[in-house]
Amino acid sequence: MLRVRLRALVYDRRTTVAVIAVVLLAGCSGAVPVPTDDAEPTATPDSTVEGPAWNVTVSHVVDGDTVDIRYANGSTETVRLLGVDTPETGSTPVSTGEFEGIPDTEAGRDHLRAWGERATDFAERELAGEKVRLVVDPEADRRGGYGRLLAYIYVDGENFNRALLIDGYARLYDSEFTRRNEFAASERTARREGVGLWAFPSDAA
């Protein structure tokens, strides 16, 4: 009877070790759950950020507020930066009405288009090819109108979305998200101090 008990104990220990090994291998594999239109992310959120998060690489900068990213498992995603809106570039019409204080004139539109290009250049300098932290916000919509993932991007611990507001590359996008009040304050400061796109000369209207 004692031998039977010992064999059972050894078996239980081997089973436990095997289960622990499987769990550890799964946690170290680097596999990343990719969010889809109808699925919730399963990553464990960091305690210092707003929601589920992934380490990703920025593979391409589309413009100042849109980037393509690559997960650790090789899958890709287009990300629209949450809570901010940079001016349109190229042949896309510029809506001056969205940027309070910028007149709806040719000079106003040229001003915004130029700052749209600068926002793109800034994003390329800071993000292109970089490993960053991608974070979704539980209070915000998961996807935008074009199916793009809405998220924050952190670079070396700094929220890049908010940096666009602080440096005057973007306006606050009117939507619901956790850091909306903080983002609104950053935009107000940039406007008050005439930073970036808010530095439209009064005699150029």
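Above this note sits the structure.
In this text the structure is predicted, and so the values were computed from the model without any measurement.

Caption draft 1: How the structure looks around the pattern of salt bridges. What the rule picks out here adds up to twelve salt bridges. Residue Asp-104 pairs with Arg-109 through a salt bridge whose shortest N-O separation is 2.8 Å. Its relative accessible area of 57% is what places Asp-104 among the exposed residues. In this structure, the salt-bridge partner of Glu-187 is Arg-191, at a minimum N-O distance of 3.9 Å. You can see Glu-187 and its partner Arg-191 sitting in helix α4 (residues 180–192), four residues apart, about one turn around the helix. Connected via shared salt-bridge partners are Asp-65, Arg-80, Asp-85, Glu-98 and Arg-171.

Caption draft 2: The packing of aromatic side chains, seen in detail. Under the counting rule described, the total for this entry stands at seven aromatic pairs. Consider the rings of Tyr-152 and Phe-183, whose centres lie 6.1 Å apart with planes at 70°: the pair is edge-to-face. Here Phe-183 lies in helix α4 and Tyr-152 lies in strand β6 (residues 149–155), a separation of 31 residues in the sequence. Of the two residues, Tyr-152 and Phe-183, both sit in the buried class. A connected cluster of aromatic rings, assembled from ring pairs, spans Trp-115, Phe-122, Phe-160 and Tyr-169. Stacked on the ring of Tyr-173, the Lys or Arg Arg-80 has its end atom at 5.6 Å from the ring centre. Against the face of Trp-115 rests Arg-118, its NZ or CZ located 4.4 Å from the ring centre.

Caption draft 3: Main features of the pairing of strand β5 (residues 131–135). The buried fraction of β5 amounts to four of the five residues, a majority that puts the element mostly inside the structure. As paired elements, strand β1 (residues 53–63) and β5 share five bridges and run antiparallel to each other. By the bridge assignment for β5, Trp-54 is matched with Leu-134. Relative to β6, β5 runs antiparallel, the two sharing three bridges. Its bridge partner being in β6, Val-135 is matched across the sheet by Tyr-152.

Caption draft 4: Fine view of the layout of surface pockets. Estimated volume of the largest pocket: approximately 540 Å³. Taken together, 29 residues make up the lining of the largest pocket; nearest its centre are Arg-80, Asp-85, Tyr-146, Arg-148 and Tyr-173. Those elements that place two or more of their residues in the lining of the largest pocket are β1 and β3 (76–81). Within the lining of the largest pocket, the residues separate by chemical class into eleven nonpolar, seven polar and eleven charged. Taken as a whole, the second largest pocket spans an internal volume of roughly 180 Å³. Around the second largest pocket, the lining comprises 13 residues; the ones closest to its centre are Glu-98, Arg-171, Leu-172, Glu-187 and Arg-191. At the level of secondary structure, the elements contributing two or more residues to the lining of the second largest pocket comprise β8 (171–172) and α4.

Caption draft 5: A look at unusual backbone geometry. Phi at Asp-156 takes a positive value of approximately 50°, unusual for a residue other than glycine. Counting through the fold element by element, Asp-156 comes out in the loop between β6 and β7 (158–159). A relative accessible area of 82% places Asp-156 in the exposed class.

Caption draft 6: Up close: the environment of His-111. Along the chain, His-111 falls in helix α2 (residues 106–127). Judged by relative accessible area, which is 12%, His-111 ranks as buried. For His-111 and Val-94, which are 17 residues apart along the polypeptide, the C-alpha to C-alpha distance reads 9.9 Å. When residues no more than four places from it in sequence are discounted, the contact partners of His-111 are Ile-102, Leu-197, Ala-199 and Phe-200. A distance of 2.6 Å separates a polar atom in the side chain of His-111 from the backbone oxygen of Leu-197.

Caption draft 7: Region of interest: the side chain of Thr-66. Topologically, Thr-66 is positioned in strand β2 (residues 66–70). Side-chain polar atoms of Thr-66 contact the side chain of Asp-65, separated by 3.0 Å.

What counts and how
- Residues numbered from 1 in each chain as written.
- Predicted model: local features only at pLDDT ≥ 70, side-chain atom pairs only at ≥ 80, totals over all residues.
- Heavy atoms only, no water.
- Salt bridge = Lys/Arg side-chain N within 4 Å of Asp/Glu carboxyl O.
- Buried < 20%, exposed > 50% of the residue type's maximum accessible area, 1.4 Å probe, protein only.
- Helix = DSSP H or I, 4+ residues; strand = E, 2+ residues; numbered from the N terminus.
- Phe/Tyr/Trp six-rings, centres within 6.5 Å; stacked < 30°, edge-to-face > 60°.
- Lys NZ or Arg CZ within 6 Å of the ring centre and 35° of its normal.
- Pairing = 2+ DSSP bridges.
- 1 Å grid on protein atoms, 1.4 Å probe; cavity = no way out; pocket = protein on both sides within 12 Å on 5 of 7 lines; lining within 4 Å.
- Points joined across faces, edges and corners; volume = space filled by probe spheres on them.
- Nonpolar A, V, L, I, M, F, W, Y, C, P; charged D, E, K, R; others polar.
- Contact = heavy atoms within 4.5 Å.
- Polar contact = N/O pair within 3.5 Å; in protein donor to acceptor, adjacent residues only side chain to side chain.

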